[in-house]
Amino acid sequence: MTTLSVSHRLAWPGLWGQRVPLVVVAGALLLACEPDRTPLSPSRPDLAAGATGGIFLSPDPTGQIATVSTTGAIDPGNPFFQSLGTNGRSCGSCHLQASAFGLSAQAVQAVFATSGGGDPLFAPVDGANCPSVTPADGREGHSLLLNNGLIRVAVAIPAGAEYTVTAEHDPYGCALTGSPTMVSVYRRPLPTVNLRFLSAVMFDGRETIQPLTDKSTFRANLKTDLAHQAMDATLIHAQAAASPTAAQVNAIVNFELALFTAQQVDNSAGALDAQRATGGPDALVSAPFYPGINDPLGDNPKGTAFDPKAFTIFAPWQELSGSGRNADARRAVARGQAVFNTHALSITGVAGLNDALGVPVINGTCTTCHDTPNVGNHSRPVPLDIGTSHAASHESDAHVVAALSQLSAPDLPVYRVACTAGPLAGAVRYTSDPGRALISGKCADLGRIKGPILRGLAARAPFFHNGAAGTLDQVVEFYNLRFEMGLTNQEKGDLVAFLRSL
């Protein structure tokens with residue numbers, strides 16, 4: 001058994017800047033950002049968004065999600081909301097205010113219902129299960145997007161990769177296509193808010209052209225990376241015939257960097273900034289961050305020791321007394337925060353962590369990986385494989401098998417990846433998403449993806465990169481079994497209450 005300490009450091013290979021051919025889509029739903037404003041497409045429902053005191057509010061399944069902009073407004077005329085390509089999509093198409101500027105499956109279903117499946121969101125290029133889908137295929141041809149909020153991403157196997165890929169299970173007939181071979185993986189759109197806390201751009205880091213690892217260059221490099229992502233999104237996702245202008249790209253990036261989103265109201269706990277709590281997006285604007293802040297691997301540039309109590313948002317609710325309308329719910333949220341910060345778990349079999357440190361078991365907490373204070377992603381670019389992409393039918397780790405059984409994973413392609421070179425030569429893995437390995441070409445990176453920022457979770461179900469968890473209860477049960485947490489029923493409920501209040 002090993003307890004993670006500041007003496008352990010990961011040797012990061014510096015591969016995030018590599019580029020590969022890929023195909024992905026940005027989606028296609030745009031909601032009104034201000035009251036009494038007509039949506040840009042009449043086929044799309046207005047899932048009400050209103051501004052109160054500079055905070056833009058939208059209802060979500062457990063309360064209200066809120067967004068603030070440091071500019072004081074959300075400008076619907078920004079190029080972020082403009083179709084700059086040929087298929088009707090914009091950046092705002094699958095980054096919806098009501099979905100915490102991500103894309104919930106509920107929102108996708110609403111668009112399909114009102115447009116009869118004719119909205120550009122469902123274009124076959126990558127908004128359908130396969131490019132061969134036609135309008136006649138209807139819901140069946142778009143089941144992954146409708147049910148799990150998944151966009152098809154086609155990535156070329158890098159030249160000189162340490163592995164070969166074959167399709168063990170190809171439910172839609174487009175798992176492997178073209179020459180060079182393109183691998184179809186299906187992923188959730190990441191939110192385009194709270195970007196000031198990023199350590200990598202995209203799940204596999206493919207848009208991290210300049211590293212986000214040094215405080216002195218972080219801001220400039222982040223703008224470079226986001227500009228590159230915006231350009232690629234326009235050319236690929238929106239199928240533009242020409243690159244957007246520098247002015248358009250800069251306007252998109254500045255718009256994104258000004259946005260901060262978090263849950264503002266919970267149906268049970270009420271206002272999440274009441275009684276000295278600091279829920280909601282306002283506190284995020286000034287939240288401290290620099291690359292390596294609170295890093296558990298000894299890579300904090302200030303030399304400050306890791307503090308597992310990374311979340312302090314609801315600390316004032318820990319000692320609440322009385323029996324007011326929201327008191328019990330607020331105490332539950334505070335208890336859930338304590339579980340997240342301090343409840344012991346055993347980290348085993350996580351590629352990118354156990355293998356990198358050379359230890360079979362790491363004693364940690366949820367914040368060992370979700371270390372950025374009050375944000376929840378990793379403050380260094382450390383993509384990990386916790387098992388969500390593993391094929392249960394080929395899995396030998398009993399903890400992973402048990403955890404996967406708690407999810408409602410979609411029917412995705414399963415790839416047999418045979419390592420032919422490097423330190424893992426001879427190993428065979430089965431996965432629905434090779435992750436970072438599709439960028440680096442390294443077998444050691446198989447299944448490794450970044451952990452996303454946790455704020456605004458309640459508005460953007462389903463969860464995990466492949467939409468395998470339909471609810472936060474499933475997320476909690478996955479971790480409970482995967483890392484031997486031994487949570488009681490009350491602890492599970494408290495943890496869900498905390499996560500949905502982020």
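Up top is the structure.
Reading the values: the criteria
- Residues numbered from 1 in each chain as written.
- Predicted model: local features only at pLDDT ≥ 70, side-chain atom pairs only at ≥ 80, totals over all residues.
- Heavy atoms only, no water.
- Helix = DSSP H or I, 4+ residues; strand = E, 2+ residues; numbered from the N terminus.
- Buried < 20%, exposed > 50% of the residue type's maximum accessible area, 1.4 Å probe, protein only.
- Contact = heavy atoms within 4.5 Å.
- Areas by Shrake-Rupley, 256 points an atom, 1.4 Å probe, with all protein chains shown as cover.
- Expected span 1.5 Å × (residues − 1).
- Salt bridge = Lys/Arg side-chain N within 4 Å of Asp/Glu carboxyl O.
- Disulfide = S-S within 2.5 Å.
- Axes fitted to C-alpha atoms, helices over the stretch in contact; angles between N-to-C directions.
- Parallel < 35°, antiparallel > 145°, perpendicular 65-115°, else oblique.
- Left-handed = near helix turned anticlockwise from the far one by under 90°.
- Nonpolar A, V, L, I, M, F, W, Y, C, P; charged D, E, K, R; others polar.
- Pairing = 2+ DSSP bridges.
- Phe/Tyr/Trp six-rings, centres within 6.5 Å; stacked < 30°, edge-to-face > 60°.

> Provide a residue-level description of the overall build of the chain, including the pertinent values.
Check the secondary structure of the chain and you find 12 helices and 15 strands. Put simply, the chain has 502 residues, and 61% of those count as buried. If you take every contact in the chain between residues at least 6 apart in sequence, the share linking residues at least 24 apart comes to 70%. When the accessible surface of the chain is totalled, it reaches about 18400 Å², and 53% of it is carbon and sulfur.

> Account for helix α7 (residues 327-342), with residues named and values stated.
Between its first and last C-alpha, α7 extends 23 Å over 16 residues, near the 22 Å set by a 1.5 Å rise per residue. In terms of burial, α7 is a largely internal element, 12 of the 16 residues being buried. The set of residues buried in α7 consists of A327, A329, R330, R331, A332, V333, A334, G336, Q337, V339, F340 and N341. Residues of α7 that are buried in the fold lie against β11 (270-271) and α12 (489-500).

> Describe in detail unusual backbone geometry, supporting the description with residues and values.
The linkage connecting S179 with the following residue, P180, adopts the cis geometry, with an omega of 5°. Along the polypeptide, P180 turns up in the loop between β8 (176-177) and β9 (182-187). Of the consecutive residues A461 and P462, the connecting peptide bond is found in the cis state with omega at 5°. Mapped onto the elements of the fold, P462 is located in the loop between α10 (437-440) and α11 (472-482). Despite not being glycine, F464 has its phi angle at roughly 70°, a positive value.

> An account of the pattern of salt bridges is needed here, citing residue identities and associated values.
The final tally for this structure, using the stated rule, is 11 salt bridges. Put simply, R206 and D204 hold a salt bridge, and the shortest N to O gap is 3.1 Å. Neither R206 nor D204 differs from the other in exposure class; each is buried. In this structure, the salt-bridge partner of E477 is K492, at a minimum N-O distance of 2.8 Å. Here the residue E477 occupies a position in helix α11, and K492 occupies one in helix α12, the gap between them amounting to 15 residues.

> I'd like to hear about the environment of S501, residue by residue, with values.
Tracing the chain through its elements places S501 in the segment after α12. Sequence separation between S501 and Q263 is 238 residues; the distance between their C-alpha atoms is 5.7 Å. Sequence-distant contacts of S501, that is, excluding residues within four places in its chain, are made with Q263, D266, L272, F314 and V333.

> Outline the state of the cysteines, supporting the account with residue identities and numerical values.
Applying the stated criterion across every chain, the model contains 2 disulfides. A sulfur-sulfur separation of 1.8 Å characterises the disulfide bridge that pairs C130 with C174. Between C130 and C174, the S-S dihedral sits near -85°, and the bridge is therefore left-handed. Taken together, the positions of C130 in the loop between α1 (105-115) and α2 (138-141) and C174 in the loop between β7 (163-169) and β8 put the pair 44 residues apart, joining distant regions of the chain.

> Give a description of the packing of helix α4 (residues 218-237) against helix α5 (residues 246-257) that names residues and reports values.
Following both chains from N to C, one finds α4 and α5 inclined at 120°, their axes separated by 9 Å at the closest point. For the element pair α4 / α5, the angle class is oblique. Relative to α5, α4 is oriented so that their crossing is right-handed. Residues R219, L222, K223, L226, A227 and A230 of α4 touch α5, and the partners they reach there are V249, I252, V253, N254, E256 and L257. Of the residues in the contact of α4 with α5, the class split is 8 nonpolar, 1 polar and 3 charged.

> Give me the lowdown on α11, citing residues and values where you can.
Counting buried positions along α11 yields 8 of 11 residues, so the element is predominantly enclosed. Along α11, the positions that sit buried rather than exposed are L472, Q474, V475, V476, E477, F478, N480 and R482.

> Lay out the pairing of strand β14 (residues 414-419) in plain terms, naming residues and giving numbers.
In terms of residue burial, β14 counts as a mostly covered element, since 5 of its 6 residues are buried. Here β7 runs beside β14; their pairing, made up of 6 bridges, is antiparallel. Paired with Y163 across the bridge in β14 is C419. Strand direction decides the pairing type here: β14 and strand β15 (residues 428-431), joined by 4 bridges, are antiparallel. Counted as the bridge partner of V417 is R429 from β15.

> How would you summarise the packing of aromatic side chains if you had to cite specific residues and measurements?
Inspection of the entire model under this criterion finds 18 aromatic pairs. On the basis of an interplanar angle of 90° and a centroid distance of 6.3 Å, the ring pair of F314 and F498 is categorised as edge-to-face. Of this pair, F314 sits in the loop between α6 (282-285) and α7 while F498 sits in helix α12, and the two are 184 residues apart along the sequence. Summarising the burial analysis for this pair, F314 and F498 share the class buried.

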